[in-house]
Amino acid sequence: MSTETEEADDLRERITNFLRRNFPQIQMHGGSAAIEEIDREEGSVTIRLGGACSGCGISPMTIQAIKTRMTKEIPEIEEVVARTGMEQQEGMAGGSGMNPSFPGGDSRGGDVGGDDEGPEAPF
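What counts and how
- Residues numbered from 1 in each chain as written.
- Predicted model: local features only at pLDDT ≥ 70, side-chain atom pairs only at ≥ 80, totals over all residues.
- Heavy atoms only, no water.
- Pairing = 2+ DSSP bridges.
- Helix = DSSP H or I, 4+ residues; strand = E, 2+ residues; numbered from the N terminus.
- Axes fitted to C-alpha atoms, helices over the stretch in contact; angles between N-to-C directions.
- Contact = heavy atoms within 4.5 Å.
- Salt bridge = Lys/Arg side-chain N within 4 Å of Asp/Glu carboxyl O.
- Buried < 20%, exposed > 50% of the residue type's maximum accessible area, 1.4 Å probe, protein only.

Caption draft 1: Quick peek at the sheet that holds strand S1 (residues 31-39). Read from one edge to the other, the open sheet built from three strands follows the order S1-S2-S3, with strand pairing classed as mixed. This sheet does not close on itself; its edge strands, each paired only once, are S1 and strand S3 (79-83). Averaged over all pairs of adjacent strands, the angle between their axes in this sheet comes to 25°, without regard to strand direction. By the bridge criterion, five bridges tie strand S2 (residues 44-51) to S3 in an arrangement that is parallel. Among the inter-strand pairings, Thr46 is bridged to a residue of S3, identified as Val81. Against the sheet, helix H3 (residues 59-73) makes contact with S2 and S3, and its axis sits at roughly 155° relative to S3, the strand it touches most.

Caption draft 2: Spotlight on the pairing of S1. Of the strand pairs in this sheet, S1 and S2 are connected by eight bridges, and their pairing is antiparallel. Across the sheet, Glu37 pairs through a bridge with Thr46, a residue of S2. What sits between S1 and S2 in their antiparallel hairpin is a turn of four residues, with Gly43 showing a positive phi close to 70°.

Caption draft 3: Representation of the pattern of salt bridges in the model. Summed over the entire model, instances satisfying the criterion amount to five salt bridges. A salt bridge links Arg14 to Asp10, with the shortest nitrogen-to-oxygen separation between them at 3.2 Å. Of this pair, Arg14 and Asp10 both sit in helix H1 (residues 3-22), four residues apart, which is roughly one turn of that helix. The class of Asp10 is partly exposed, set by a relative accessible area of 37%. Residues Arg83 and Glu36 are paired through a salt bridge, measuring 3.6 Å at the closest nitrogen-oxygen approach. You can see Arg83 sitting in strand S3 and its partner Glu36 sitting in strand S1, a full 47 residues away along the chain. A relative accessible area of 31% means that Arg83 is categorised as partly exposed.

Below, the structure written as structure tokens:
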């Protein structure tokens, strides 16, 4: 196995472990989280939230928490994109599509008063 493949596998495993460790509530509430794509060159990961997360009113807070914590804990990740499936449903209905990615241009959350990690998910 090449070093590049081992590094990619290691990064995938760290992201998977991060999701398991930080967000067991997703599963407890009937949702799921899976890695859709990792781009090591761009430093980005795309996460798919499924199950009960699709259409859940607190999905934006869950997504913000994933983004904030993951970029702090895994230095190779600079951008997190999360999808819930709602963007496809709204797009089919002629809407603009929901993009549950993160507000603002700074993928690490910017400097908003020190260690502010944004709204805390209510679980």
